[in-house]
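Notes for the structure review
Listed below, chain by chain, are the residues.
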Amino acid sequence: MRIAIINGPNLNLLGKREPEVYGHTSFEDYLIKLKKDFPQVSFSYFQSNIEGELIDAIQKTATTAEALILNAAAYTHTSVGIADAVKVLDIPVVEVHISNVWKRESYRHTSYLSPHVVGVIAGFGLESYRLAVAFLKK
Ligand code: DQA
C-alpha cells in the first residue's frame, strides 16, 4: 500500500520547535522508525511551509498514493485552499495533529479540513501518525 504523508508549516522544525508541545524527535527520524514498523507500506513524505506547494502535493496524491496522512499544521485553521484540495481527493485522508489542539488556544479548535476527511487523530505526539497508518493499512 502507498501512503503519502504531507506536513505543513513549521513541522520542518520538529525536535527543535517548542519541544514541550511537539517533542524532541525530528520527523525524518520518526519516519525511519515508521518505515521499519510497517515494511509492507510504501511511504512518501513531503513538507512545505508554502500553502500553494502543499496544495500541489495534495493534488498529486490522487495519482501517486492510495491514502493520505495530512498534518496541515497552522493552515488547518485558516486555509480554504487546502480544504478544497482535500475535498476533491478520492483517496482516504486522515487529518493528524501531534498536539491535542482542543486543549490549546481556541483558534486551534477550528479545522477547515475535518469535514472532508475520514477522521482526525490528535494529541498522541508523533504516535498520531502511527495510529493513522494502522487505520489506513487495514
Ligand atoms: C499542529 C497543531 C497546529 O495548531 C499548529 O499550528 C501546528 C501543529 C499539531 O500537529 O499539533 O503547527 O498541527
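Before going into details, it helps to say that this report is about the structure given with it. The shown structure was predicted, so the numbers you read here are calculated from the model rather than taken from an experiment.

Reading guide: rules and limits
- Within each chain, residues carry numbers counting from 1 in the order of the written sequence.
- The predicted nature of this model means local features are confined to residues of pLDDT at least 70 and side-chain atom pairs, given and counted, to a pLDDT of 80 or more, with totals for whole chains, interfaces and linings taken over all residues.
- Each side-chain value is worked out from all heavy atoms of the structure, with water and hydrogens disregarded.
- Each helix corresponds to a stretch of at least 4 residues labelled H or I by DSSP, and each strand to a stretch of at least 2 residues labelled E; elements are numbered beginning at the N terminus.
- Computation of the radius of gyration draws on C-alpha atoms alone. For the globule rule, the value is 2.2 Å times the number of residues to the power 0.38.
- Accessible area is worked out with a 1.4 Å probe on protein chains only. A residue is then buried under 20% of its type maximum, exposed over 50%, and partly exposed in between.
- Method for areas: the Shrake-Rupley scheme with a 1.4 Å probe, in which residue coverage is limited to the protein chains shown.
- A positive count includes Lys and Arg, and a negative count includes Asp and Glu. His and the chain ends are not counted in either.
- Throughout, a charge is located at the NZ atom of Lys, the CZ atom of Arg, the CG atom of Asp or the CD atom of Glu.
- Only buried residues count toward a nonpolar core, which is a set of Ala, Val, Leu, Ile, Met, Phe, Trp, Tyr and Cys residues joined through side-chain atoms within 4.5 Å.
- Contacts are assigned to residue pairs that have any heavy atoms within 4.5 Å of one another.
- It suffices for a single heavy atom of a residue to lie within 4 Å of a molecule or strand for the residue to be listed as near it.
- Pairing of N or O atoms within 3.5 Å defines a polar contact, subject to two protein rules: one partner must be a possible hydrogen donor and the other a possible acceptor, and residues neighboring in sequence count only if both atoms are side-chain atoms.
- Being paired, for any two strands, means DSSP has found at least two bridges between them.
- Lines fitted to C-alpha atoms define the axes, with helix axes restricted to the stretch in contact, and inter-axis angles between N-to-C directions lie between 0 and 180 degrees.
- Here the arc refers to the directions that run from the helix axis out to each C-beta atom.
- Whenever a carboxyl oxygen of Asp or Glu lies within 4 Å of a side-chain nitrogen of Lys or Arg, that contact is scored as a salt bridge.

Things to note about the overall build of the protein
- Helix and strand counts for the protein come out as five helices and five strands.
- A compact globule built from 138 residues should have a C-alpha radius of gyration of about 14 Å, and the protein, at 14 Å, falls within 12% of that.
- Its C-alpha atoms give the protein principal-axis dimensions of roughly 35 × 35 × 25 Å.
- Buried residues in the protein amount to 46% of all 138 residues.
- Here the protein has roughly 7000 Å² of accessible surface; of this, 54% comes from carbon and sulfur atoms.
- Across the protein, the mean location of the 14 positive side-chain charges is 6 Å away from that of the 14 negative side-chain charges.

A look at the nonpolar core
- Judged by nonpolar contacts, the single largest core of 24 residues is most densely connected at Leu 34, Ile 69 and Tyr 129.
- Elements with a minimum of two residues in this core: β1 (2–7), α2 (27–37), β3 (67–71), β4 (93–97) and α5 (127–136).
- In this view, Leu 34 contacts Ile 5, Phe 43, Tyr 129, Arg 130 and Val 133; residues no more than four positions away in its chain are not counted.
- Counting 20 residues, the second-largest nonpolar core is a separate cluster that includes Leu 70, Ala 85, Leu 89 and Val 117.

Side note on the site of the ligand
- Close to the ligand lie Arg 17, Tyr 22, Asn 71, Ala 73, Ala 74, His 77, His 97, Ile 98, Ser 99, Val 101 and Arg 108.
- Contact distances for the ligand include 2.8 Å between an oxygen atom and a side-chain N or O atom of Asn 71.
- Within the backbone of Ala 74, a nitrogen or oxygen atom sits 3.3 Å from an oxygen atom of the ligand.
- Look at the ligand: alone it shows 320 Å² of surface, and the protein chains cover 99% of it.

What about the sheet that holds strand β5 (residues 119–122)?
- Taken in spatial order, the five strands of this open sheet run β2-β1-β3-β4-β5, and their pairing is parallel. Two strands close off the open sheet at either side, each with one partner strand: β2 (42–47) and β5. Across this sheet, the average inter-strand angle for adjacent strands is 20°, counted without regard to direction.
- With five bridges joining them, β1 and β3 adopt parallel strand pairing.

What about the environment of Arg 104?
- The residue Arg 104 is located in the loop between β4 and β5 in this model.
- Residues Arg 104 and Phe 135, spaced 31 residues apart in sequence, show a C-alpha to C-alpha distance of 26 Å.
- If near-sequence neighbours (up to four positions away) are discounted, Arg 104 is found in contact with Val 21, Tyr 22, Ser 99 and His 109.

Quick look at helix α4 (residues 80–88)
- If you check which residues of α4 are buried, you get Ile 82, Ala 83, Ala 85 and Val 86. Relative to the axis of α4, the buried residues are bounded by an arc of 160° and lie together on one face. Every exposed residue of α4 that faces more than 90 degrees away from the buried side is listed here: Lys 87 and Val 88.
- Residues of α4 that are buried sit in contact with α3 (51–64), β3 and β4.

Thoughts on the pattern of salt bridges
- Counting across every chain of the model gives six salt bridges.
- A salt bridge links Arg 17 to Glu 18, with the nearest nitrogen and oxygen atoms 3.9 Å apart.
- Look at Glu 18 and you get partly exposed, because its relative accessible area is 37%.
- Taking the shortest distance from any N to any O, the salt bridge between Arg 130 and Asp 37 comes out at 2.6 Å. Pair noted here: Arg 130 is in helix α5 and Asp 37 is in helix α2, with a separation of 93 residues, a long-range link.
- On the accessibility criterion, Asp 37 (42% relative accessible area) is partly exposed.
- Connected via shared salt-bridge partners are Asp 37, Glu 127 and Arg 130.

Take it as geometry only, folks, not as evidence of what the structure does.
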